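Okay, here's what each chain looks like letter by letter:
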Amino acid sequence: MSTIQIKGDVAPGFESVKDLFSSRTRALAEDNVQLCVYHRGKRIVDLWASAGNDETFTANTLVNVFSSGKSLETIILGMLASRDLIEYDAKIVRYWPEFGAHGKENITVADLMRHEAGLAYFDTSLAAEDLFTENIKRNVVGRVIETQKQNFKRSDRREYHTVTRGWIVNEIVRRVDPAGRTIGEFLREEISENLRADVYIGVQSQERQRMRPVKPLSFRYQILQSLLPRFLGRRVTHNFFQLIARMFALLPAILQVWRSDKPPPAISNVTGLNDVNIPEFGKGETPSANATCSARGLARIGAMMSARGTLEGRRLLTERAWHAMHEQPTLAMMDAVLPTRFTQGGVDYFQPCEPGCALYERAFSQGREGFYGWMGLGGSIFQWHPEKDLSFAFVPTSLHYLDFVNERGKAYQTELLRCLDRLAVS
């Protein structure tokens, strides 16, 4: 592993971030990985590496970042709010009357964005082809959503809408956008091209050539590696006891899904993590789970968000809409496990932990205090810190899916905050 070449550079004062990236990339089970950070509109960290010494893997390579794309759908809604086309406290039926069928007429945009719409599960699967842009515009997905009923599995209403939130938001977006664009089209034309950011939902042939597949670590490998102490070369973040503690905390949520009379939302062609690499999945629009991005692209968009809607003289959100998107962070346990603070605009706020806070609160927030945004299955992170005008993006191809809240990438956020504190007193 010592042959891995770390490429890219960092600004003065952030050398320890590069040292950490170098050591962790060599020590952990990484395949290809990118890390990019902006501070006050300037790129201060731009690093990438390939464990297989793949010279074609660069800072501009594209990777599926899974749920990190949820923050992109929130930004698009924020831009529509900037144009007075949508309000968070409005009922969705204002923009999509047919949505209200089967008792859904009182669900607001904010309910949906906080994962409190009661639509985390559908009673039918979709085909990957249903999610192609042209079929979304034919209302193939919209008709399925209209037939659904609210279904809350617990008294606490915050249930993770793993993929369904993005499908529903897409239907709202194309109805309120005067041009009738889907999220993928809006993202490409209004954000990616405007900010020169490699970020896409619904990849085209020219982007597919720059993609790298994600590679999930096997469950057996992660468990066996967790049994090794760090000094013997453990290649996952947590030791066995830490991993078991986290899995035990998640057990009630897992059992609830197993006992459910409703299946989790599904794409019929995608039955396992390896299937997300098929071209049909990447071509479709599942905004909550198949954004295809580089860390550079995400960090550049995050720089606009950390600066309250503007970057290099381009304003994408009004100050009013930016504040509305970040307002009313409401604490609730999501799936009875995660202490989330989703805003009405749909991004989570990572608040400092109180002394003695529970395991998952520490794992979730400690070390990334003050950031807004979200993260993706297996490792990706896309977040911004308005107070420090800091934007962060971590994009790996190796999926450590038992690192449930992406503590592997959080190590870099923690070190960045330390660097800024050191620079502030120097």
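See the structure shown above.
Keep in mind the model is a prediction, meaning the values are calculated, not measured.

Considering the overall build of the protein
Check the secondary structure of the protein and you find 15 helices and 16 strands. Against the 2.2 N^0.38 benchmark of 22 Å for 426 residues, the protein shows a C-alpha radius of gyration of 20 Å, consistent with a compact globule. Projecting the C-alpha coordinates of the protein onto the three principal axes gives extents of approximately 60 × 50 × 45 Å. With 426 residues in all, the protein has 60% of them scored as buried. The contacts in the protein between residues at least 6 apart in sequence include a share of 69% that link residues at least 24 apart. When the accessible area of the protein is evaluated, it comes to approximately 16500 Å², of which 53% is carbon and sulfur surface. When the 53 positive and 49 negative side-chain charges of the protein are each reduced to one mean point, those points stand 3 Å apart.

Focus on the pairing of strand S3 (residues 42-50)
The element S3 is largely enclosed, with a buried count of seven among its nine residues. Pairing geometry for strand S1 (residues 6-10) and S3, over five bridges, is antiparallel. In the strand pairing of S3, Ile6 is matched with Ala49. Two elements, strand S2 (residues 32-39) and S3, share eight bridges in a ladder whose sense is antiparallel. Paired with Tyr38 across the bridge in S3 is Arg43. From the end of S2 to the start of S3, which pair antiparallel, there are two residues, and Arg40 there has a positive phi angle of about 55 degrees.

Description of the pattern of salt bridges
A side chain of one charge can pair with a side chain of the opposite charge if their charged atoms are brought near each other. For the structure on display, the rule yields 30 salt bridges. The salt bridge involving Arg94 is made with Glu87; its shortest N-O contact spans 3.6 Å. Owing to a relative accessible area of 52%, Arg94 belongs among the exposed residues under this scheme. Counted as one network, the salt bridges with shared partners bring together Arg83, Asp177, Arg181, Glu189 and Glu190.

Things to note about the state of the cysteines
Inspection of the entire model under this criterion finds zero disulfides. With no disulfide of its own, Cys353 lies closest to Cys357 among cysteine sulfurs, the gap being 3.5 Å. Of the residues examined, Cys353 reaches a relative accessible area of 18% and is grouped as buried. Lacking any disulfide linkage, Cys419 is separated from the closest cysteine sulfur, that of Cys36, by 15 Å.

Things to note about the packing of aromatic side chains
If you walk through the whole model with that rule in mind, you get 12 aromatic pairs. Residues Phe21 and Tyr412 carry aromatic rings whose centres are separated by 5.9 Å and whose planes lie at 50 degrees to one another, so their mutual orientation is tilted. Remark: Tyr412 occurs in helix H15 (residues 407-425) and Phe21 occurs in helix H1 (residues 15-27); sequence separation between them is 391 residues. Like Phe21, the residue Tyr412 is buried in the burial classification. Geometrically, the ring pair formed by Phe240 and Phe241 is edge-to-face, given 5.8 Å between the ring centres and 80 degrees between the ring planes.

Quick notes on unusual backbone geometry
The residue Asn53 is not glycine, and still its phi comes out positive at about 50 degrees. Take Asn53: it is sitting in the loop between S3 and strand S4 (63-64). The exposure class assigned to Asn53 is partly exposed, which follows from its relative accessible area of 34%. The residue Asp335 is not glycine, and still its phi comes out positive at about 55 degrees. Residue position: Asp335 is located in the loop between strand S10 (330-334) and strand S11 (338-342).

What to know about the packing of helix H2 (residues 70-82) against helix H13 (residues 319-326)
Running from N to C, H2 and H13 cross one another at 135 degrees; their axes reach a closest spacing of 8 Å. Taken as axis vectors, H2 and H13 run oblique relative to one another. The interaxial crossing formed by H2 with H13 has right-handed handedness. Two secondary-structure elements touch here, H2 through Thr74, Ile75, Gly78, Ala81 and Ser82 and H13 through Arg320, Ala321 and Met325.

Here we look at the sheet that holds S4
In space, the three strands of this open sheet follow the order S4-S7-S5, with antiparallel pairing throughout. The sheet is open, and its two borders are formed by S4 and strand S5 (199-200), each paired with just one other strand. Here S4 runs beside strand S7 (residues 292-293); their pairing, made up of two bridges, is antiparallel. Within the sheet, the bridge partner assigned to Asn64 lies in S7 and is Thr292.

Examining the pairing of strand S15 (residues 390-396)
Of all seven residues in S15, seven are buried, a share of seventy percent or more. Of the two faces of S15, both are covered, the one formed by Leu390, Phe392, Phe394 and Pro396 as well as the one formed by Ser391, Ala393 and Val395. Sheet topology places S2 next to S15; seven bridges connect them, and they run antiparallel. If you follow Val33 over to S15, its bridge partner there is Pro396. Relative to S15, strand S14 (residues 381-385) is paired through five bridges, and the arrangement is antiparallel. Bridged to Ile381 within S15 is Phe394. Joining the antiparallel neighbours S14 and S15 is a turn of four residues, in which Asp389 adopts a positive phi near 50 degrees.

Examining H13
Every buried residue of H13 is accounted for by Ala321, Trp322, Ala324, Met325 and His326. Where H13 is buried, its residues contact H2, helix H12 (295-306), strand S13 (372-375) and S14.

Calculation notes
- Residues numbered from 1 in each chain as written.
- Predicted model: local features only at pLDDT ≥ 70, side-chain atom pairs only at ≥ 80, totals over all residues.
- Heavy atoms only, no water.
- Helix = DSSP H or I, 4+ residues; strand = E, 2+ residues; numbered from the N terminus.
- Rg over C-alpha atoms; globule rule 2.2 N^0.38 Å.
- Buried < 20%, exposed > 50% of the residue type's maximum accessible area, 1.4 Å probe, protein only.
- Contact = heavy atoms within 4.5 Å.
- Areas by Shrake-Rupley, 256 points an atom, 1.4 Å probe, with all protein chains shown as cover.
- Lys, Arg positive; Asp, Glu negative; His and termini not counted.
- Charge placed at Lys NZ, Arg CZ, Asp CG, Glu CD.
- Pairing = 2+ DSSP bridges.
- Salt bridge = Lys/Arg side-chain N within 4 Å of Asp/Glu carboxyl O.
- Disulfide = S-S within 2.5 Å.
- Phe/Tyr/Trp six-rings, centres within 6.5 Å; stacked < 30°, edge-to-face > 60°.
- Axes fitted to C-alpha atoms, helices over the stretch in contact; angles between N-to-C directions.
- Parallel < 35°, antiparallel > 145°, perpendicular 65-115°, else oblique.
- Left-handed = near helix turned anticlockwise from the far one by under 90°.

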